[in-house]
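Chain by chain, the residues run as shown.
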Amino acid sequence: MGLDPLGVELRHLVALAAVGRHASFSRAAEELGYTQSAVSQQIARLERLVGQPLVERPGGPRPVRLTPAGEVLLRHAEAIRARLTSAAADLDALAGGTSGTLRVGCYQSVGVRILPRVLREFRARWPAVRVELTENEDDGWLLQQVERGELDVTFVVLPLPDGPFAVMELLADPYVVAVRPDSPLGRDGGPVSLRDLATQPLISYARMRDVHAIENRLGDPALRDQIVFRSHHNGTILGLAAEGVGAAVISWLSVDPHRPGLRVVPIAGVSPRVVAIAWHRDRYQLPAAAAFADLARTVALTERSLMQDTLGS
C-alpha cells in the first residue's frame, strides 16, 4: 500500500522528526510536551498510512533509529516545515505592510563597500522598517536561510546552487592582486597574468563555496599549492600582503582602495565574479525588499565607476 497523503497530519511528521533527532521516543515526547505513548501512537499511525515501518525499535535501552523509509519521509517533512515557515513569514509581511523587519544576508566585502550606502538611503525612504542583518562569508549558507524563510534577501556571488531563488545582478567584481609597492608584480603599470603568479606565495579567502575558491575561479587548481595563508577576514588578507607575506588574490570589492602600503593590480584573462542579490522566488516579496534590491543596484553603479577609475578598466 502506498502513502495516503490526505491522512498525514503535520503532528505525525513533527513526531517523526523529533524521534529521528533524539533516537528515543521518551526524549522526543519531552521535547514536544507529549506523553511517550502519544508519540508512539502518532508514529504508528504514520506507519499505517505509509504502509511500511519508519522506525526501528530494537527494544530495551538501545536507541531507536529511522528506517530508510523513515529517512526519506523525514527529508520531505523538513521541506514541508520550511515551506510552512515561509508561509508564516509571508503572512507576517502582509500584516506588517510598510513597517516591520527586513532580514538581509550579507558577506564581508559587500558589507564594507556597498551595504552602508544602501542602508543610508533605505532608512531615509523606509524609516518604519527595521533592517536585521545576518553576516556569513559563505553565501551558500545565506541562501539556505532564504530558502527556509529566515532571510528576505541576501547578497550572493553567481552562479547560484539549485534552489527556489530569483536574482538581480548588481556588478561585475574583477579579481585583483594586492601587493607591496616594491613587489615586481605589476610594476610596469599593466595587469598581471596567471603566469606571473606561478612562482608567488599567495594569500586568499578561506570559507566559501568551492566554486568560488580562488584556484577554481582563476581556472588553475595548481595555485592551491601556492596559497600560504587563507583567511575569512579581508583586513587580515590585506595586512599580510602589506607585510610581504605573499600576494593577496582577491576581488576588487574586498580591497580597501584607500589603504596605504599596497598596490592593486588587475589580473588579465580572468572573468570577474558577479555580485547579485537574491530572494525566494515562490514567496511574497515585501515592497521593502524590492526597494532594497533596487537601491543596491543603484549603489553598485557608483562602485563600478570607482572601480573603473582606479583600475583603468
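That block above? That's the structure.
Residues numbered from 1 in each chain as written. Predicted model: local features only at pLDDT ≥ 70, side-chain atom pairs only at ≥ 80, totals over all residues. Heavy atoms only, no water.

Student: Please explain the packing of aromatic side chains as it appears in this structure.
Tutor: What characterises a pair of aromatic rings is the spacing of the ring centres plus the angle enclosed by the ring planes. Applying the stated criterion to the full structure yields 3 aromatic pairs. Relative to Phe-292, the ring of Phe-122 lies with its centre 5.7 Å away and its plane at 75°, an arrangement referred to as edge-to-face. One end of the pair, Phe-122, is in helix H6 (residues 115-125); the other, Phe-292, is in helix H11 (residues 287-311), with 170 residues separating them in the sequence. Members of the aromatic cluster, joined through ring pairs, are Phe-122, Trp-126, Phe-155 and Phe-292. (Phe/Tyr/Trp six-rings, centres within 6.5 Å; stacked < 30°, edge-to-face > 60°. Helix = DSSP H or I, 4+ residues; strand = E, 2+ residues; numbered from the N terminus.)

Student: Looking at this model, I keep getting lost on unusual backbone geometry. Mind explaining?
Tutor: What you tend to see is this: most non-glycine residues have negative phi, and most peptide bonds are trans. Geometrically, the link from Leu-158 to Pro-159 is a cis peptide bond, its omega value of 5° lying close to zero. Note on placement: Pro-159 falls in the loop between strand S5 (153-158) and strand S6 (165-173). Notably, Ala-23 is not glycine yet its phi reads approximately 55°, a positive angle. Considering the arrangement of structural elements, one finds Ala-23 in the loop between helix H1 (10-22) and helix H2 (25-32). Note on Ala-23: relative accessible area 23%, which makes it partly exposed. (Buried < 20%, exposed > 50% of the residue type's maximum accessible area, 1.4 Å probe, protein only.)

Student: Sorry, what's going on with the sheet that holds strand S11 (residues 263-266) here?
Tutor: Note: strands within a sheet are paired through backbone hydrogen bonds, in either parallel or antiparallel orientation. The 5 strands lie next to each other as S9-S8-S10-S7-S11, forming an open sheet whose pairing is mixed. Looking at the sheet topology across the chains shown, the edges are occupied by strand S9 (227-231) and S11. Direction aside, neighbouring strands of the sheet carry axes that sit 30° apart on average. Bridging between strand S7 (residues 175-179) and S11 involves 4 bridges; their strand directions are antiparallel. Across the sheet, Val-177 pairs through a bridge with Val-265, a residue of S11. Packed onto the sheet, helix H10 (residues 234-242) meets S7, strand S8 (202-205), S9 and strand S10 (247-251) and runs at close to 170° relative to S8. (Pairing = 2+ DSSP bridges. Axes fitted to C-alpha atoms, helices over the stretch in contact; angles between N-to-C directions. Contact = heavy atoms within 4.5 Å.)

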